[in-house]
Amino acid sequence: MCGIVGYVGDRSGLDIVVAGLRRLEYRGYDSAGVAVVSPGSLLTDKRAGKLANLEKALADSPLATSGTAIGHTRWATHGAPTDRNAHPHTDCTGRVAVIHNGIIENFAALRAELSEHGHVLVSDTDTEVVAHLLEQVMPETGDDLAEALRRVCRRLEGAFTLVAVHAAAADVVVAARRNSPLVVGLGVGENFLASDVSAFLAYTREALEVADGQVVELRRDRVTVTDFDGAPAHPRGYHIDWDAAAAEKDGYDYFMLKEIAEQPKAVADTLIGRIDAQGRLTLDEMRLSVEELRAIDKIIIVAAGTAYHAGLVAKYAIEHWTRIPCEVELASEFRYRDPVLTRDTLVIAISQSGETMDTLMAMRYAREQRSLVLAICNTNGATIPRESDAVLYTHAGPEVAVASTKAFLTQLVACYLVALYLGQVRGSTWSEEIASVIAELADMPDKVDRVLDTMAPVRELARELRECTSVLFLGRHVGYPVALEGALKLKEIAYMHAEGFASGELKHGPIALVEQGLPVFVVVPPRGRGVLHDKVVSNIQEVRARGARTIVLAEAGDESVAPYADVLIPLPPTPTLLQPLVATIPLQVFACEMASQRGFDVDQPRNLAKSVTVE
Ligand code: F6R
């Protein structure tokens, strides 16, 4: 939530931060702003609405050229998305500018105190207090901006990434973080900071992890990191292996379309290197000992949104292959229900970004209770994997569209791998079965590709149903989370009423929603699971008898569903547990086409942001 960029170097700082904001706009797009420091003066511009508004304003009246700049794209928390509330915020003298991601919880008290001391605060934001606090302490530090920020941070409660510049410090950008993302990019004669690496990937692949409770001072030729008390810190450096081009649209109309198309590669990449010379599954990066894995007596998966749906699928796989009881919990609910956690509980936190605050808080809670935490994450160096006992990285590459697609498929793959690995280590799954599932997984990139090749009728269907007001999605077993995911995609980008139901649950209430012509998607399990399959076929008949228009996703060649399907979407045959890898794709394509047909911004849906770093 909120994208932040900072630059010090010899290039045009403004060009660098605006380009960075373009990459980070998925994190928030209510308003955008920049500040540049040219010796002795500070210049800012900020506009409500998308980044394009700011870009136009800067083209009409350019700011002075400078090698020191910061930029922000906002997802509003305190105060409406107006020009006035957009970041950067300045102090009374207009010499300090601050941008912020997060929430400063004690801002009301600080604001009252500042007003009493004669400061005039002009916005409704929590951020503005930081600019005025810096104004207050800066003279006491001899114009040392990093020291001023440390002093201010010690007074703040809540979560924040703060970045500041000051007219008196022409070649310095300072930043601080607590429970909110910040990474540093290391260049030659120039340095960068940002909410995530995609903002500076075009210039450098070398990065520094900034930990919680640290302050960074960025200069052309050096980066200094301390804690909030000024003690030197030694952050870990790492190389980013994401391809800069991966964060480009590459000829596609939307990032979402590109990311849907990248799924075969994302699945293949997430499978690479998981098998040793003896054909056994190896998850070395997991860093959990065999003894620890054998001692686990309960698994709890915590996640949000789409990642939660991956967790729901994982439950079926984990319980089937390991016989360990597994619960799946919305991360935002987890710590408030006093969950039963012991040293033998494994908590799996699934998160594409690795920064989702709800998931982070849930995993921290689990660690406080001494449970082991395994992160499944797509972002190297993010807070959730850093704070976990173990991590399994997915290799989806950068996901830019707000609606998650390729990350979901790779989360599923990672969950299958974890389940099989536990089955292998604990001896609860036959090695032949593991080998056969691994072989099926290895075929998945091709199968996903085949599904993508047959999506023209799905897009046509979306065009036809453009005006409809409501859509239902039904599934049983692992088809149920797929139904939930199909409904979520449609809600978030096409703004339609959509619900996912366990198909057996329909007759306990929701079937009353079915009326003549209502589109109902049904995910039918493969025929191998006889009773499961037949029950879902009965459910299709129940809704069809009440006038629903049935859109049936079923294994190619499954003739038994044909009589009840108004539209039949064939899926490549897969084992039941793996079917979500192919069944989700038509639902992603349907939502994407629907949003585009209805004229909505597919990649940046209203009210949302990609990385939800507030609770
Ligand atoms: C939906 C979507 C969100 C995220 C959720 C968790 O398309 O993208 O529901 O899945 O906000 O995000 P991560 O995985 O980054 O923790």
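Residues numbered from 1 in each chain as written. Predicted model: local features only at pLDDT ≥ 70, side-chain atom pairs only at ≥ 80, totals over all residues. Heavy atoms only, no water.

Student: Looking at this structure, how should I read the overall build of the protein?
Tutor: Along the backbone of the protein there are 18 helices and 24 strands. In terms of overall size, the protein behaves like a compact globule, its C-alpha atoms giving a radius of gyration of 25 Å where 615 residues would be expected to give roughly 25 Å. Along the first, second and third principal axes, the C-alpha set of the protein runs to 80 × 55 × 40 Å. Among the 615 residues that make up the protein, the fraction classed as buried is 61%. Contacts in the protein between residues at least 24 apart in sequence constitute 71% of all its contacts with a sequence separation of at least 6. For the protein, the exposed area adds up to about 22200 Å²; of that, 49% sits on carbon and sulfur atoms. (Helix = DSSP H or I, 4+ residues; strand = E, 2+ residues; numbered from the N terminus. Rg over C-alpha atoms; globule rule 2.2 N^0.38 Å. Buried < 20%, exposed > 50% of the residue type's maximum accessible area, 1.4 Å probe, protein only. Contact = heavy atoms within 4.5 Å. Areas by Shrake-Rupley, 256 points an atom, 1.4 Å probe, with all protein chains shown as cover.)

Student: I'm lost on the domain arrangement of the protein in this one. Help?
Tutor: A common way to state how big an interface is: give the accessible area lost once the parts meet. By the assigned domains, the protein splits into domain 1 (3–246), domain 2 (250–449) and domain 3 (456–597). Put simply, the middle of domain 2 and the middle of domain 3, counted by C-alpha atoms, are 25 Å apart. With 29 residues of domain 2 at the interface, the matching set in domain 3 holds 24 residues. Both sides of the domain 2 and domain 3 interface together cover about 2300 Å² of buried area, and 77% of this is carbon and sulfur. (Domains from an automatic or database assignment. Buried area = accessible area lost by both parts, 1.4 Å probe.)

Student: I would appreciate a short explanation of the sheet that holds strand β13 (residues 223–227) in the present structure.
Tutor: The strands making up a sheet associate through hydrogen bonds between their backbones, and the pairing can be parallel or antiparallel. The strand order β5-β6-β7-β8-β12-β13 describes an open sheet built from six strands, whose pairing is antiparallel. The sheet is open, and its two edges are formed by β5 (89–90) and β13, each paired on a single side. The sheet strands contacting helix α5 (residues 145–153) are β7 (158–166), β8 (169–178), β12 (214–218) and β13, and the helix crosses β8 at an angle near 25°. (Pairing = 2+ DSSP bridges. Axes fitted to C-alpha atoms, helices over the stretch in contact; angles between N-to-C directions.)

Student: Which parts of the structure should I look at to understand a negative patch on the surface?
Tutor: On the surface, Asp443, Asp446, Asp449 and Asp453 cluster together into a negatively charged patch. Mapped onto the elements, Asp449 comes out in helix α14 (residues 431–453). (Patch = residues over 30% accessible without salt bridge, like charges linked within 9 Å, V, L, I, M, F, W, Y side chains within 5 Å. Salt bridge = Lys/Arg side-chain N within 4 Å of Asp/Glu carboxyl O. Lys, Arg positive; Asp, Glu negative; His and termini not counted. Charge placed at Lys NZ, Arg CZ, Asp CG, Glu CD.)

Student: I'm lost on the site of the ligand in this one. Help?
Tutor: Taken together, 13 residues lie around the ligand, and Ser351, Gln352, Ser353, Thr356 and Glu492 are the ones closest in. Ser353 places a side-chain nitrogen or oxygen 2.7 Å from an oxygen atom of the ligand. A distance of 3.2 Å separates an oxygen atom of the ligand from a polar backbone atom of Val402. A total of 410 Å² of accessible area belongs to the ligand in isolation, and the protein chains cover 90% of it. More than half of the atoms of the ligand fall within 2 Å of the grid points belonging to the second largest pocket. Every element with two or more residues in the shell around the ligand is listed here: α9 (305–322) and α16 (479–494). (Near = heavy atom within 4 Å. Polar contact = N/O pair within 3.5 Å; in protein donor to acceptor, adjacent residues only side chain to side chain. 1 Å grid on protein atoms, 1.4 Å probe; cavity = no way out; pocket = protein on both sides within 12 Å on 5 of 7 lines; lining within 4 Å. Sits in = over half its atoms within 2 Å of the grid points.)

Student: In this structure, what is going on with the pairing of strand β23 (residues 549–555)? I would like to understand it.
Tutor: When a strand is regular, its side chains alternate between the sheet's two faces. Among the seven residues that make up β23, six are buried, leaving the element largely enclosed by the rest of the structure. Examined bridge by bridge, strand β22 (residues 519–523) and β23 share five bridges and lie parallel to one another. Directly across from Val522, in β23, lies its bridge partner Val552. In this structure, β23 lies alongside strand β24 (residues 567–571), joined through five bridges in parallel fashion. Within β24, the residue paired with Val552 across the bridge is Leu568.

Student: Would you mind showing me how to read the pattern of salt bridges here?
Tutor: Oppositely charged side chains may form a pair once their charged atoms are brought near each other. Scanning the model with the defined rule gives 38 salt bridges in all. Here Glu262 ties to Lys258 by a salt bridge, and the two come within 3.0 Å at their closest N and O atoms. On the accessibility criterion, Glu262 (22% relative accessible area) is partly exposed. Because the salt bridges share partners, they merge into one network encompassing Glu140, Glu147, Arg150 and Arg151.

Student: Would you explain empty space enclosed by the protein in this entry?
Tutor: Over the atoms, a rolling probe the size of a water molecule traces out where space has been left empty. Inspection of the entire model under this criterion finds two cavities of 30 Å³ or more. Roughly 90 Å³ of internal volume is contained in the largest cavity. In terms of lining, the largest cavity is formed by 15 residues, of which the most central are Cys2, Trp75, Thr77, His87 and Gly102. The element that contributes the greatest number of residues to the lining of the largest cavity is strand β6 (residues 96–104), accounting for three residues. (Points joined across faces, edges and corners; volume = space filled by probe spheres on them.)

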